[in-house]
Amino acid sequence: MPSDAPPGRRARRLRLVVRYTLLTLGAVVVLGPLYLTVVNSLLPASALAQRPPPLFPVHPQWHDYAAAWSQGHLDVYLRNSAIQTGIIVAGQLVTSTLAAYAFAFLRFPLRRTLFVVFLATLMIPFEVTIVTNSTTVSDLGWYNTFAGLTVPFLATGFGTFLLRQAFLQIPRDLREAAALDGYGHLRFLVRVAVPLARPSLAALGVFSFLAAWNQYLWPLIVTGSGTNVRTVQIGLKLLEGTQLSHVDVVLAGTVIAVVPLLVLLVVFQKQLVRSLTGGAVK
Amino acid sequence: MAGVAFREATKRFGGAVALDRLDLEVGDGELLVLLGPSGCGKTTALRLVAGLEEPDDGAIEIGGRVVNHVEAKDRDVAMVFQSYALYPHLSVGRNIEFPLRQRGFDRDERRRRVADAASTLGLSELLDRKPRQLSGGQRQRVALARAIVREPQAFLMDEPLSNLDAALRTQTRADIVALQQQLGTTTLYVTHDQVEAMTMGDRIAVMDHGVLQQVDRPQALYDRPANTFVARFVGSPGMNLLPATLEQGAGGKWEAQVAGSALAVPETAATAAGGAGAALVLGVRPEHVGIGPHGTVDATVVIVELLGAEVHVACRLGDGTNVIVRQDAAAPRPAHGEAVRLAVAPASLHVFHASGARVESGAGVGHAPVPGEGATP
């Protein structure tokens with residue numbers, strides 16, 4: 001159909017159509033697997049074998065969730081994951097805040113060199129250090145403990161870098177004014193620097209949470225049989241090897257494990273976007 | 001309250017000397033202005049008193065006590081920053097209260113003091129607002145309130161008006177002077193604005209390249225600048241400076257040759273300057289230069305600026321030296337490019353050595369005429 005719109009307006013409309021088409025495709029690619037997981041977790045096992053598989057659960061089967069929760073010990077695994085993630089997130093927030101403050105506000109010898117060393121840790125994949133770390137954890141008697149699960153992750157170069165950038169945005173005059181008002185570094189950190197860096201702290205908290213919650217390899221290495229400290233990601237894997245080894249139950253467990261992440265992303269979406277686009281636009 | 005003193009205070013940053021053996025006393029209850037261009041060391045001097053920097057040599061005294069190694073928080077001074085340094089996440093009330101929380105004041109005392117400071121500065125209605133919800137002038141008053149709430153021994157103010165527009169600056173500087181007089185607190189005020197310095201200071205200390213050039217009352221500084229830097233820096237526009245050579249003319253009268261023209265110089269000044277052949281710099285305030293047929297120095301008008309009540313006429317002499325003439329707006333105004341003759345009364349001449357230092361020649365020489373004496377030719 002010929003359009004009466006002027007060329008500039010037509011081009012703008014075309015750009016808009018292309019943009020939304022790409023965004024829709026992206027959303028399908030990202031959300032599609034999640035949707036299928038939820039749908040399949042609600043289908044009876046027999047329906048999963050159908051080709052093509054149903055895209056909507058006409059008669060949702062909720063009992064798979066109950067089975068995964070109680071018989072698959074997901075309640076314990078989720079609690080363990082919550083403890084492990086809580087310790088790691090709190091630890092990273094505290095250590096990153098203190099280190100970032102030191103790099104941003106204190107003057108000490110080799111400050112720049114040390115900061116470069118911190119950044120260099122970002123270049124080393126965790127897998128490279130797994131053998132050494134697992135030996136250390138074992139030597140310390142931390143095998144199958146929350147200490148073994150969490151201590152290697154209590155400090156992060158990324159968090160230090162992120163918060164240092166946030167602290168550098170705080171005008172130096174504020175530190176000097178506070179010094180004249182009688183505030184030492186620790187009090188200034190608590191009363192001024194941390195409140196002003198709240199968006200970055202929230203973003204770091206979300207990143208830490210995602211990384212800790214989704215850990216699989218490390219918990220697999222440092223936890224053994226039994227359910228005392230095993231995390232939910234290991235628990236999902238164990239579901240496959242039990243009498244509950246039905247795909248629909250495993251999928252129900254997966255959905256349960258994802259719920260905390262979804263809640264977190266919805267609540268902290270603003271902070272995440274702000275921290276990722278910080279400085280991109282004025 | 002307490003006096004503040006610099007004793008041969010020196011501060012270096014790397015190889016650069018920011019402050020060079022500064023010797024200066026600020027009297028108890030006095031408002032002393034540190035005046036100078038960017039990089040002259042005035043802010044460094046202020047930071048030495050605040051305890052934000054330590055002197056490399058010499059001493060800083062507050063209330064007669066050397067405080068070189070006393071921490072900033074223990075010096076009992078309050079500083080108002082150029083940026084105001086308000087805590088953006090705290091309300092106005094909490095900003096004002098901030099210094100008190102760390103000093104052990106109980107809650108009632110803190111409330112009383114915050115209310116008093118807010119009332120003094122007209123902030124009582126704004127106590128619940130955040131700094132971002134305030135205008136520049138209001139933020140500036142919050143910064144002042146935070147300084148006075150502690151009742152410190154001295155105020156240190158680092159160009160606190162530089163972020164305000166012209167009208168607000170005029171009002172606020174009057175407010176600061178009134179507040180300082182009301183409180184009677186020793187105040188060290190840093191600015192590069194000579195109008196601010198002249199209108200606010202009990203005394204002004206002029207600095208350049210880390211060196212104290214002159215310290216005196218505003219009028220004395222204007223009337224008897226110690227060197228060409230002070231002469232040029234103080235006054236708006238600054239003093240006209242004319243390179244000259246001293247000669248003894250017919251009848252033994254002393255004259256200075258300026259761009260091919262002769263200006264009469266009093267004998268005492270001529271003798272003190274070194275006699276015939278001495279290279280000089282003659283200074284004359286723009287309001288002490290006249291334009292008319294009775295003048296003795298030839299010049300060409302290059303710019304005529306109308307400023308409402310007065311007119312600034314920029315003239316160029318034969319040797320390229322510029323001379324600014326300040327005229328009443330009602331006076332006949334020369335045209336751009338017009339050839340004119342400039343007249344200067346000997347009594348209004350300031351005589352400087354070629355090095356820039358003032359020629360001290362006793363009474364009658366180098367003094368600007370007192371107002372109403374009609375020294376303008």
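Residues numbered from 1 in each chain as written. Chains lettered and ligands numbered in written order. Predicted model: local features only at pLDDT ≥ 70, side-chain atom pairs only at ≥ 80, totals over all residues. Heavy atoms only, no water.

**Remarks on the overall build of chain B**
Move 1: Each helix and strand in chain B was counted, giving 9 helices and 20 strands.
Move 2: In terms of overall dimensions, chain B has C-alpha extents of about 80 × 45 × 35 Å along its principal axes.
Move 3: Every one of the 377 residues in chain B was classed for burial, and the buried ones make up 52%.
Move 4: Sequence separation of 24 or more characterises 65% of the internal contacts of chain B that already satisfy a separation of 6 or more.
Move 5: Of the roughly 15900 Å² of accessible surface on chain B, 48% is carried by carbon and sulfur atoms.
Move 6: With 37 positive and 44 negative side-chain charges, chain B shows a separation of 7 Å between the mean positions of the two kinds. (Helix = DSSP H or I, 4+ residues; strand = E, 2+ residues; numbered from the N terminus. Buried < 20%, exposed > 50% of the residue type's maximum accessible area, 1.4 Å probe, protein only. Contact = heavy atoms within 4.5 Å. Areas by Shrake-Rupley, 256 points an atom, 1.4 Å probe, with all protein chains shown as cover. Lys, Arg positive; Asp, Glu negative; His and termini not counted. Charge placed at Lys NZ, Arg CZ, Asp CG, Glu CD.)

**Structural notes on the overall build of chain A**
Move 1: Within chain A, the regular secondary structure consists of 14 helices and 0 strands.
Move 2: Ordering the α and β elements of chain A from the N terminus gives α-α-α-α-α-α-α-α-α-α-α-α-α-α.
Move 3: Taking 2.2 N^0.38 as the reference for a compact globule, 282 residues should give roughly 19 Å; the C-alpha atoms of chain A span a radius of gyration of 24 Å, well beyond that estimate.
Move 4: Its C-alpha atoms put chain A at 75 × 70 × 35 Å along the principal axes.
Move 5: Burial status across chain A gives 39% buried among its 282 residues.
Move 6: Contacts in chain A between residues at least 24 apart in sequence constitute 72% of all its contacts with a sequence separation of at least 6.
Move 7: Working note: accessible area of chain A is about 16100 Å², and carbon and sulfur atoms make up 69% of it.
Move 8: For chain A, the centre of its 22 positive side-chain charges and the centre of its 10 negative side-chain charges are spaced 13 Å apart. (Rg over C-alpha atoms; globule rule 2.2 N^0.38 Å.)

**Here's the deal with the nonpolar core**
Move 1: Phe167(A), Phe188(A), Phe6(B), Leu34(B) and Leu188(B) are the most contacted members of the largest nonpolar core, which has 56 residues in total.
Move 2: For this core, the element with the most residues is helix H1 (residues 42-50) of chain B, which contributes 5 residues.
Move 3: In this view, Leu34(B) contacts Leu24(B), Lys42(B), Ala45(B), Leu188(B), Tyr189(B), Val190(B), Thr191(B), Ala205(B) and Met207(B); residues no more than four positions away in its chain are not counted.
Move 4: Within the second largest apolar cluster, 41 residues are counted, among which are Ala145(B), Val149(B), Val230(B) and Phe233(B). (Core = buried A, V, L, I, M, F, W, Y, C linked by side-chain atoms within 4.5 Å.)

**Concerning helix H1 (residues 7-41) of chain A**
Owing to its 3.6 residues per turn, the α-helix brings residues three or four apart onto one side.
All names here are of chain A.
Move 1: If you check H1, its first and last C-alpha atoms are 50 Å apart, about what 35 residues at 1.5 Å a residue would give, namely 51 Å.
Move 2: Remark: the principal bend of H1, roughly 40°, maps to Leu31, with a proline, Pro33, within the next four residues.
Move 3: Every buried residue of H1 is accounted for by Thr37, Val39, Asn40 and Ser41. (Expected span 1.5 Å × (residues − 1). Bend = angle between axes of the 7 residues up to and from the residue.)

**A word on unusual backbone geometry**
Move 1: Residues Ser236(B) and Pro237(B) are joined by a peptide bond in cis, for which omega reads 0°.
Move 2: Take Pro237(B): it is sitting in the loop between helix H8 (228-233) and strand E11 (240-248).
Move 3: Backbone geometry at Asn144(A) places phi at a positive 65°, although glycine is not the residue there.
Move 4: The backbone of Asp76(B) shows a phi angle near 60°, a positive value even though the residue is not glycine.
Move 5: Checked against the element boundaries, Asp76(B) lands in the loop between strand E5 (65-66) and strand E6 (77-80).

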